[in-house]
Amino acid sequence: MRIGNYSIDLDFALKEINENGYGKVLIQLPDGIKRYATSIARYIEDGTDCGIVISSSSCYGACDIAIHDAKSIRADAILHLGNLPIPNLSFPIPIIFASVEMDTKMGFIEKSLKFLEGKRVGIATTAQHINCLGDIVDILTRNGFHPIISKGNDRIAKKGLVLGCNFTSITSIQDKIDSVLFVGTGLFHPLGLAFAVDKPIIAVNPITGEITKDELKVEKRKMLKRRFAVIEKAKNANSFGVLVSSKPGQSRIGLAENIMNELKQNGKESYMMICDNIDPMQISNFSEIDCIISTACPRIALDDYCNFDIPILTPVEVEILLGKREISDYKFDTIY
Ligand code: SF4
């Protein structure tokens, strides 16, 4: 199905629903394509005998499967759009993943080649462009480069895929590459790569053609400065809220317990807190808490820290806070 700038593969979903005779299916979409939800629902209803319910809850990734919504309406399956599955997660009901691809303009990839360093190039991308990796490899090979694509750990569904919480498809090949070509939108993933491996990162936006390389070094320095300031502020905190997410792919209760033990050994008091979406307004009600440590999606602390009245740290930053890691060894938080 072609809709807006997206190609959405719903044929596999139709086949799965019809073959399994699902009577009720919950559709879950990322915010960017929620505006097409009714068209998608109609397409599924026209091609099957099943009833559709649309989840209006947030959907941040494949870590955020709407199990609770599905159980509430007694759905037989969830149709989850826009993300690849996280292989090391399992669910109590069937999940049908449908890819949502954005147009990848190969001319922009060609233009990025002159920024690459060395011949051995690690390729990284997001779910929206993963099916273009073959073409990207062809372009690099034709131009005398040696592209390398790796699968990463068990959280990663396909070769070359990176998540905001997992860069193992590149860290696993860091000794074999001279530079990294990231194909995708936004700065978060290339910045995470820049902290993950000590190699030049060249980020090409395949929609706008923007190529980022030296700017990333500047952004990296700025981010380090910002995070250092937040960690310094957290040094005055005595009472910590250690947040655990109830989202299936973000829940790290063992890590939260370890952090609480570490804090205790350092004379700090801490309280485990649980929530689905981390809402700064709700957090501000807990006025006895001086600092939040988020074991949920790393992007909450790194992207949304401005919205919180108190410092919010990632688990890696707690190590720096407690003197177990140097700021020079700063990394993005990784979920394995
Ligand atoms: S935890 Fe965050 S970065 Fe990781 S998949 Fe979920 S939304 Fe993306």
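No experiment lies behind these values; they were computed from the predicted model shown.

Please give an account of the overall build of the protein that cites residues and values.
Secondary structure summary: the protein contains 12 helices and 16 strands in total. Over its C-alpha atoms the protein spans a radius of gyration of 21 Å, differing by no more than 12% from the 20 Å that the globule rule assigns to 336 residues. Summarising its shape, the C-alpha atoms of the protein cover approximately 60 × 55 × 30 Å along the three principal directions. In the protein, once contacts between residues fewer than 6 apart in sequence are set aside, the share between residues at least 24 apart is 68%. Computed over 38 positive and 41 negative side-chain charges, the separation of the two mean positions in the protein equals 5 Å.

Break down the packing of helix α7 (residues 188-196) against helix α8 (residues 214-234) for me, citing the residues and quoting the values.
In contact at an axis separation of 10 Å, α7 and α8 are set at 80 degrees when each is read in the N-to-C sense. Judged by the inter-axis angle, α7 sits roughly perpendicular to α8. Residue-level contacts link Pro190, Leu191, Ala194 and Phe195 of α7 to Leu216, Glu219, Lys220, Met223 and Leu224 of α8. Looking at the contact of α7 with α8 residue by residue, the classes come out as seven nonpolar, no polar and two charged.

Let's hear about the pairing of strand β15 (residues 291-294): which residues, and what values?
Every second residue of β15 is oriented toward a common face, with Cys291 and Ile293 on one face and Ile292 and Ser294 on the other, all of them buried. Two elements, strand β13 (residues 239-245) and β15, share four bridges in a ladder whose sense is parallel. Residue pairing for β15: Val242 is matched across the bridge by Ile293. As defined by bridge partners, β15 adjoins strand β16 (residues 312-313) across two bridges and the pair is classed as parallel. Across the sheet, residue Ile293 finds its bridge partner in β16, namely Leu313. In this fold, β15 hands off to helix α11 (residues 298-304), which returns the chain to β16; that crossover is right-handed.

Run through the environment of Ile40, naming residues and quoting values.
Here Ile40 shows up in helix α2 (residues 37-47). Among the residues examined, Ile40 registers a relative accessible area of 0% and is labelled buried. Sequence-wise, Ile40 and Phe182 are 142 residues apart; in three dimensions their C-alpha atoms are separated by 30 Å. When residues no more than four places from it in sequence are discounted, the contact partners of Ile40 are Met1, Ile8, Leu10, Ile27, Leu29 and Leu81.

Can you lay out the site of the ligand for me, pointing to particular residues and giving the numbers?
The immediate surroundings of the ligand are formed by Tyr60, Cys63, Arg155, Gly164, Cys165, Gln250, Cys297 and Ile335. Looking at the shell around the ligand, its residues break down into five nonpolar, two polar and one charged.

I'd like a description of the sheet that holds strand β9 (residues 146-148), backed by residues and values.
Taking strand neighbours across the sheet as the criterion, the five strands line up as β9-β8-β10-β11-β12 in an open arrangement whose pairing is mixed. Two strands in the sheet have a free side with no partner beyond their single neighbour: β9 and β12 (211-212). Across five bridges, strand β8 (residues 120-125) lies against strand β10 (residues 179-183) in parallel orientation. Its bridge partner lying in β10, Thr125 is registered against Val183.

How would you sum up the nonpolar core? Please name residues and give values.
Among the nonpolar cores identified, the biggest contains 41 residues, and Ile170, Leu193, Ile293, Leu313 and Phe332 are the most heavily contacted of them. Elements represented by at least two residues in this core include exactly β10, α7, β11 (201-204), α8, β13, α9 (253-265), β15 and α12 (315-321). Per-element accounting of this core gives the leading share, six residues, to α7. Two domains each provide a minimum of three residues to this core, namely domain 2 (106-212) and domain 3 (227-329). Excluding residues within four positions of it along the chain, Ile170 makes contact with Gly122, Ile123, Ala124, Val162, Ile177, Val180, Leu193 and Val197.

Just give me the short version of the sheet that holds β16, but keep the residues and values in it.
Judged by pairing direction, the sheet is parallel, and its four strands sit side by side in the order β14-β13-β15-β16 without closing on themselves. Of all the strands in the sheet, just β14 (269-275) and β16 have a single pairing partner and so form its edges.

Would you mind going over the domain arrangement of the protein in detail, with residue names and values included?
Where interface size is quoted, it is often the accessible area lost as the parts come together. When cut into domains, the protein gives domain 1 (2-100), domain 2 (106-212) and domain 3 (227-329). Between the C-alpha centres of domain 2 and domain 3 there is a distance of 30 Å. Taken together, the contact between domain 2 and domain 3 spans five residues of the former and five residues of the latter. Of the roughly 380 Å² buried at the junction of domain 2 and domain 3 (both faces included), carbon and sulfur atoms supply 66%. The interface formed by domain 2 and domain 3 contains zero salt bridges. Linking domain 2 to domain 3 there are one residue pair in polar contact (both at pLDDT 80 or more). Across the side of domain 2 that touches domain 3, the residue classes tally to two nonpolar, two polar and one charged.

Tell me what's going on with the pattern of salt bridges, and back it up with residues and numbers.
Evaluated as defined, the whole model comprises 16 salt bridges. Two residues, Lys247 and Asp64, come together in a salt bridge whose shortest N-O distance is 3.1 Å. With a gap of 183 residues between them, Lys247 in the loop between β13 and α9 and Asp64 in the loop between β4 (51-54) and α3 (67-72) connect regions that are remote in the sequence. Take Lys247: its relative accessible area is 3%, and that puts it in the buried class. The exposure class of Asp64 is buried, given its relative accessible area of 5%. Two residues, Asp178 and Arg120, come together in a salt bridge whose shortest N-O distance is 2.8 Å.

Conventions and cut-offs
- What you see as residue numbers is a count from 1 along each chain, following the sequence as written.
- Given that the model is predicted, a residue must reach a pLDDT of at least 70 before its local features are reported, and side-chain atom pairs must reach 80 or more before they are shown or counted; all residues, however, enter totals for whole chains, interfaces and linings.
- Note: side-chain values were computed over all heavy atoms of the structure, leaving out hydrogens and water.
- Each helix is a run of DSSP H or I of at least 4 residues and each strand a run of E of at least 2, with the numbering of both proceeding from the N terminus.
- In this treatment the radius of gyration is a C-alpha quantity, and the globule benchmark scales as 2.2 Å times the residue count to the 0.38 power.
- It only takes one pair of heavy atoms within 4.5 Å for two residues to be counted as in contact.
- Charge counting treats Lys and Arg as positive and Asp and Glu as negative, with His and both chain ends excluded.
- One atom stands in for each charge, and that atom is NZ of Lys, CZ of Arg, CG of Asp or CD of Glu.
- Note on geometry: axes are C-alpha line fits, over the in-contact stretch for helices, and angles between N-to-C directions span 0 to 180 degrees.
- Here the angle decides the label: under 35 degrees means roughly parallel, over 145 means roughly antiparallel, 65 to 115 means roughly perpendicular, and every other value means oblique.
- Each residue gets one label: Ala, Val, Leu, Ile, Met, Phe, Trp, Tyr, Cys and Pro are nonpolar, Asp, Glu, Lys and Arg are charged, and the others, such as Gly, are polar.
- Each residue is placed in one exposure class: buried if its accessible area under a 1.4 Å probe, protein chains only, is under 20% of its type's maximum, exposed if it is over 50%, and partly exposed if it falls in between.
- At least two bridges found by DSSP between two strands is the condition for calling them paired.
- If you view a crossover with the strands going away from you and the path from the first strand over the helix to the second runs clockwise, you call it right-handed.
- Throughout, near means a residue has at least one heavy atom within 4 Å of the molecule or strand.
- Buried residues of nine kinds, namely Ala, Val, Leu, Ile, Met, Phe, Trp, Tyr and Cys, make up a nonpolar core once their side-chain atoms join them within 4.5 Å.
- Just so you know, the domain bounds were taken from an automatic or database domain assignment.
- Buried area, as used here, totals the accessible surface that two parts lose on assembly, with accessibility defined by a 1.4 Å probe and the loss added over both.
- For this document, the term salt bridge refers to a Lys or Arg side-chain nitrogen within 4 Å of an Asp or Glu carboxyl oxygen.
- Polar contact is the term for a pair of N or O atoms within 3.5 Å; when the atoms are in protein, one must be able to donate a hydrogen and the other to accept it, and sequence-neighboring residues count only if both atoms are side-chain atoms.

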